Amino acid sequence: MKTVAIIDYGMGNLHSAKKAVEHVAPDTTVLVTDNADKIREADRVILPGVGAIRDCMAEIRRLGVDTLVREVSKDRPFLGICVGMQALMSRSEENGGVDCIGLFPSEVRYFGDHLTENGERLKVPHMGWNQVHQTVDHPLWQNIPDADRFYFVHSFYAEAEGNVDMAGRTHYGVDLAAAVARDNIFAVQFHPEKSARAGLQLLENFTNWTGKC
C-alpha cells in the first residue's frame, strides 16, 4: 500500500489536505506527521503551508524540516502547497526579507498595496477562483483542461517572468507562477484541496505519479 506523508510543522491545512487525498486515493495510507522517520519511509510527501512565511520558516528551521525536505525531495514525488510552495523558493520579500529552503531559485514578491487591472484596483490578498494556464506538459496536469480554475488565497507570489521552472501561470494584476516543477518536485500556489474537481484530479495524479515527467 502506498503511503503519503503530509508534513506537520504546525502551519497548514493539514486535515483538509489529508481528507482530500484519502478521497481520491482510498487505497493509500495518508499520514499527517512530524515524525522524521515516518516521513522518510513514505512513498510521497506533501509540504503544506498557510500564513506568514516568516512564521512558517521559523518553525521549519526550528524543527529541522528544511533539512528533511531537502533529503526526501531528492528521491520521491514531492508536492508543495500554497506557502509550502513559497517555502521552496530561495527568498521571500515578506517582512523585509526571509530566506527560504532554496530548492527553486525564484524569489517571492508582494502584490503591492496598489495593484490594478485596466485602471481598476484589485484586492490583496488574491482570493478566489482563477484560471491556471499550463506552461509545460506534466503528469500532474493529466485530465485537467488547460485554463481550468483553481482556488487561491495569497498576498505574495513567485514571479512568472524568467521562471524556468514554471509549470502553470495565472494572471492577477501581474503574471505569477501558479505552479513550478523540477524533476520529482511539483508545487502549486493554489489550494488543490479547495479546488473542487480540478484540484482533486491534481491530487489523484500526484498519488499515481512516479516522479518522472
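All values derive from a computational prediction rather than experimental measurement.

Definitions and cut-offs
Residues numbered from 1 in each chain as written. Predicted model: local features only at pLDDT ≥ 70, side-chain atom pairs only at ≥ 80, totals over all residues. Heavy atoms only, no water. Helix = DSSP H or I, 4+ residues; strand = E, 2+ residues; numbered from the N terminus. Rg over C-alpha atoms; globule rule 2.2 N^0.38 Å. Buried < 20%, exposed > 50% of the residue type's maximum accessible area, 1.4 Å probe, protein only. Contact = heavy atoms within 4.5 Å. Areas by Shrake-Rupley, 256 points an atom, 1.4 Å probe, with all protein chains shown as cover. Lys, Arg positive; Asp, Glu negative; His and termini not counted. Charge placed at Lys NZ, Arg CZ, Asp CG, Glu CD. Phe/Tyr/Trp six-rings, centres within 6.5 Å; stacked < 30°, edge-to-face > 60°. Axes fitted to C-alpha atoms, helices over the stretch in contact; angles between N-to-C directions. Parallel < 35°, antiparallel > 145°, perpendicular 65-115°, else oblique. Nonpolar A, V, L, I, M, F, W, Y, C, P; charged D, E, K, R; others polar. UniProt positions renumbered as here; feature names shortened; annotations may be inferred. 1 Å grid on protein atoms, 1.4 Å probe; cavity = no way out; pocket = protein on both sides within 12 Å on 5 of 7 lines; lining within 4 Å. Core = buried A, V, L, I, M, F, W, Y, C linked by side-chain atoms within 4.5 Å.

**As for the overall build of the protein chain**
Looking only at helices and strands, one finds six helices and 15 strands in the protein chain. The C-alpha atoms of the protein chain give a radius of gyration of 16 Å, which matches the 17 Å a tight globule of 213 residues would have. If one aligns the C-alpha atoms of the protein chain with their principal axes, the spans along those axes are about 55 × 40 × 30 Å. Here the protein chain holds 213 residues, and the buried ones make up 53% of them. Once local pairs closer than 6 in sequence are excluded, the contacts in the protein chain between residues at least 24 apart make up 70%. Here the protein chain has roughly 9,600 Å² of accessible surface; of this, 45% comes from carbon and sulfur atoms. Between the averaged position of the 22 positive side-chain charges in the protein chain and that of its 29 negative side-chain charges there is a distance of 2 Å.

**A closer look at the packing of aromatic side chains**
Within a pair of aromatic rings, the relevant descriptors are the distance that separates the centres and the angle that separates the planes. Under the definition given, this model contains eight aromatic pairs. Summarising the aromatic geometry, the rings of Phe111 and Tyr172 are spaced 5.7 Å apart at their centres and angled 75° between planes, so their arrangement reads as edge-to-face. In this pair, Phe111 sits in the loop between strand E7 (107-110) and strand E8 (116-117) while Tyr172 sits in strand E13 (residues 166-172), placing the two residues 61 residues apart along the sequence.

**Quick notes on the packing of helix H1 (residues 14-24) against helix H6 (residues 196-208)**
Relative orientation of the contacting elements H1 and H6 amounts to 70°, with a least axis distance of 9 Å. The pairing of H1 with H6 is recorded here as roughly perpendicular in orientation. In this structure, H1 contributes Ala20, Val21, His23 and Val24 to the contact, and H6 contributes Leu200, Leu203, Glu204 and Thr207. Residues belonging to the contact of H1 with H6 are distributed by class as follows: five nonpolar, two polar and one charged.

**Overview of the UniProt feature "active site" (unreviewed entry) in the protein chain**
Mapped onto the present numbering, the UniProt feature "active site" (unreviewed entry) falls at Cys82, His191 and Glu193. Maximum C-alpha separation among the annotated residues is 10.8 Å over a sequence range of 112 residues, consistent with a single clustered spot. Taken from the residues named earlier, the lining of the largest pocket is made up of Cys82 and His191. With respect to the helices, strands and loops of the structure, Cys82 is situated in the loop between strand E4 (78-81) and helix H5 (83-86). Tracing the backbone through its elements, the reader meets His191 in the loop between strand E15 (185-188) and H6. Judged by its relative accessible area of 3%, His191 falls in the buried class. If near-sequence neighbours (up to four positions away) are discounted, His191 is found in contact with Asn13, Gly49, Val50, Ile81, Cys82, Tyr151 and Val153.

**Examining the nonpolar core**
The nonpolar side chains of soluble globular proteins are, as a tendency, buried together. Leu47, Val69, Leu88, Ile101, Trp141, Phe186 and Phe190 are the most contacted members of the largest nonpolar core, which has 73 residues in total. With six residues, the top contributor of residues to this core is strand E14 (residues 174-182).

**Quick notes on unusual backbone geometry**
With the exception of glycine, the majority of residues adopt a negative phi angle, and the majority of peptide bonds are in the trans configuration. Residue Val124 is joined to Pro125 through a cis peptide bond whose omega torsion reads 15°. Positioned with a positive phi, Asn143 is a non-glycine residue whose angle comes to about 65°. Note that Asn143 resides in the loop between strand E10 (126-134) and strand E11 (148-154). Of note, the phi angle at Asp183 is positive, near 55°, even though the residue is not glycine.

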